[in-house]
Amino acid sequence: MSALERQLAHDLADLEAQGLHRALRRVSEVAGTRVVVDGRPLINFAANDYLALGAHPALRSAALRAVNEFGAGSGAARLLSGSLSPHHELEQALADLKGAAAALTFSSGYAAAIGTVGALVGKGDVVILDRLVHACLVDAARLSGATLRVFKHNDLNRLEELLRWAVPRARRATVVITESVFSMDGDFAPLREIVELKDRHGAWLLVDEAHATGLFGARGEGRAGELGIADRIEVQMGTLGKALGAAGGFIAGSRPLVDWLVNRARSFVFSTAPPPAQAAAARAAVALIQAPTGVELRRRLWERVAQIRPSLGLPEAAPASAILPLILGPEMEAVRLADALRARGLFVPAIRYPTVARGQARLRISLSAAHTGEQIEQLTTALAELRPLP
Ligand SMILES: *Cc1c(COP(=O)(O)O)cnc(C)c1O
């Protein structure tokens, strides 16, 4: 064994002892919510494909058409020869969906966050983050070189204190970063109030709608559109890999914002353009979520969410997202329960540090419009037997 192997074997054993070791599982078949994982058929409660669009015929055929027309790859970065028609069509559709002047796509939501925050702020600026924002936004803020401040989850008083402190100090800008629907808790940010606050203090706002785009608003435009405040949010961010069933990330906002990112977002400039099939599939999804299909898929999804909530001790009718956390605390407990569910044919992931704080381990149930009532019932029955509510 080399010194590197010895060191890493030791570190991995350490993770194992803390219940924090993670490994890949091979998914060999996918048929809607039925998947085969490491050779075992399971019902999938671990996907973010909330509207089951990933397998939709419109996305499949859009991807195939793009492969036939443009090939498998884009051939270059966007600023060279890789800026293909499917990218431009997708960006126009995203700008329309988000009520913005322009939009720009990236290879992933992660890349969108890293490139965008880094292009907007630097040393001497201030970034103010909700404590529960996604890791990509934390990494983006750290890498930007700006001064970071974190406020307690959804705590408007603390946010206002930080704004009062930050804005007069910042060299060029103070940016507030939050999500509209939080990725591990499935709860909402008080977006209207945050918009008021940042306007009053003269800061910019980035809202990540990774878990809201496609699901909220009459056309699936997300929470900002639903609340009628999209034009007051400087930077609207999203992913194409969740409810939109494809892959990639995007930013929507003003024309100068997008022009600036084209010039300065390093994860955009120095990276090969996403494959044309990916852009074309996402474009088809953006059309579907605004059509009657989208309305019907959302109706089905919310019906399933209402069905499962009581069994998790949550009121059926309260405002809900498609992410349902069952918070257990100890890492080992979450792993034990996830294993027991898998033995019954149910794939529900145990979420642990570093995705959530230590001692906040949980099962994260994500529902899709493709789940049947019987599949939900199987899960609620198993949960009741394995872990009766107090
Ligand atoms: C998944 C996720 C991302 C990252 O998007 P990808 O396209 O998967 O890279 C960003 N923000 C939030 C809140 C997410 O849940």
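Here the structure is shown first, and the text comes after it.
The structure displayed is predicted, hence computed values, not measured ones.

Caption draft 1: Representation of the overall build of the protein in the model. A count of helical and extended segments in the protein gives 15 helices and 14 strands. Whereas a compact globule of 390 residues would reach a radius of gyration of roughly 21 Å, the protein reaches 21 Å, a difference of no more than 12%. Structurally, the protein occupies a C-alpha span of about 55 × 55 × 50 Å along its principal axes. With 390 residues in all, the protein has 51% of them scored as buried. For the protein, restricting intrachain contacts to residue pairs at least 6 apart in sequence, the fraction spanning at least 24 positions comes to 71%. For the protein, the separation between the mean place of its 44 positive charges and that of its 39 negative charges on side chains is 3 Å.

Caption draft 2: Just the site of the ligand, in detail. In the neighbourhood of the ligand, 13 residues make up the surrounding shell, with Gly109, Asp208, His211, Thr239 and Lys242 lying closest. Here an oxygen atom of the ligand sits 2.7 Å away from a polar atom, N or O, in the main chain of Gly109. At a separation of 2.9 Å, an oxygen atom of the ligand approaches a polar backbone atom of Tyr110. Here the ligand loses 83% of its free accessible area of 380 Å² to cover by the protein chains. The residue makeup of the shell around the ligand, split by class, is three nonpolar, seven polar and three charged.

Caption draft 3: Examining the sheet that holds strand E2 (residues 34–37) more closely. Read from one edge to the other, the open sheet built from four strands follows the order E1-E2-E3-E12, with strand pairing classed as mixed. Taken across any chain shown, the strands that pair with only one partner, and hence form the sheet edges, are strand E1 (27–31) and strand E12 (346–347). Judged from the four bridges that link them, E2 and strand E3 (residues 40–44) form a sheet pairing that is antiparallel. Among the inter-strand pairings, Val35 is bridged to a residue of E3, identified as Leu42.

Caption draft 4: The packing of aromatic side chains, seen in detail. Taken as a whole and assessed by the stated rule, the structure comprises three aromatic pairs. Pairing Phe106 with Phe268 gives two aromatic rings, centres 5.8 Å apart and planes at 70°, and the pair type is edge-to-face. Taken together, the residues span a long stretch of sequence, with Phe106 in strand E4 (residues 102–106) and Phe268 in helix H11 (residues 266–269) at a distance of 162 residues. According to the relative accessible area criterion, Phe106 is buried, its value standing at 2%. On the basis of relative accessibility, which here comes to 6%, the residue Phe268 falls in the buried class. Here Phe188 and Phe216 contribute two aromatic rings whose centre-to-centre distance is 5.5 Å and whose plane-to-plane angle is 80°, an arrangement assigned as edge-to-face. With a gap of 28 residues between them, Phe188 in the loop between strand E7 (174–179) and helix H8 (191–201) and Phe216 in the loop between strand E8 (204–208) and helix H9 (223–226) connect regions that are remote in the sequence.

Caption draft 5: Local environment of the packing of helix H5 (residues 109–120) against helix H10 (residues 255–264). Orientation of H5 relative to H10, taken along the N-to-C sense of each, is 100°, at an axis distance of 10 Å. On the basis of their axis angle, the class for H5 and H10 is roughly perpendicular. Along the contact surface, H5 presents Thr116, Ala119 and Leu120, while H10 presents Leu257, Trp260, Leu261 and Arg264. Split by residue class, the contact of H5 with H10 holds five nonpolar, one polar and one charged.

Caption draft 6: Region of interest: the pattern of salt bridges. Following the criterion strictly, the structure yields 19 salt bridges and no others. Linking Arg362 and Asp185 is a salt bridge whose minimum nitrogen-to-oxygen distance equals 3.2 Å. Placement of the pair is Arg362 in strand E14 (residues 361–366) and Asp185 in the loop between E7 and H8, with a sequence separation of 177 residues. One connected set of salt bridges, linked through shared partners, spans Glu196, Lys198, Asp199, Arg232 and Glu234.

Caption draft 7: Broad picture of H10. Residues of H10 that are buried: Leu257, Val258 and Leu261. Take H10 and look down its axis: the buried residues cluster within an arc of 95°, on one side only. Summarising the geometry of H10, the exposed residues directed more than 90 degrees from the buried face are Pro256 and Asn263. Measuring from the side-chain oxygen of the N-cap residue of H10 to the backbone nitrogen of Leu257 gives 3.2 Å; that N-cap residue is Ser254.

Conventions used here
- Residues numbered from 1 in each chain as written.
- Predicted model: local features only at pLDDT ≥ 70, side-chain atom pairs only at ≥ 80, totals over all residues.
- Heavy atoms only, no water.
- Helix = DSSP H or I, 4+ residues; strand = E, 2+ residues; numbered from the N terminus.
- Rg over C-alpha atoms; globule rule 2.2 N^0.38 Å.
- Buried < 20%, exposed > 50% of the residue type's maximum accessible area, 1.4 Å probe, protein only.
- Contact = heavy atoms within 4.5 Å.
- Lys, Arg positive; Asp, Glu negative; His and termini not counted.
- Charge placed at Lys NZ, Arg CZ, Asp CG, Glu CD.
- Near = heavy atom within 4 Å.
- Polar contact = N/O pair within 3.5 Å; in protein donor to acceptor, adjacent residues only side chain to side chain.
- Areas by Shrake-Rupley, 256 points an atom, 1.4 Å probe, with all protein chains shown as cover.
- Nonpolar A, V, L, I, M, F, W, Y, C, P; charged D, E, K, R; others polar.
- Pairing = 2+ DSSP bridges.
- Phe/Tyr/Trp six-rings, centres within 6.5 Å; stacked < 30°, edge-to-face > 60°.
- Axes fitted to C-alpha atoms, helices over the stretch in contact; angles between N-to-C directions.
- Parallel < 35°, antiparallel > 145°, perpendicular 65-115°, else oblique.
- Salt bridge = Lys/Arg side-chain N within 4 Å of Asp/Glu carboxyl O.
- Arc of directions from axis to C-beta.

The values are spatial; any link to function lies outside them.
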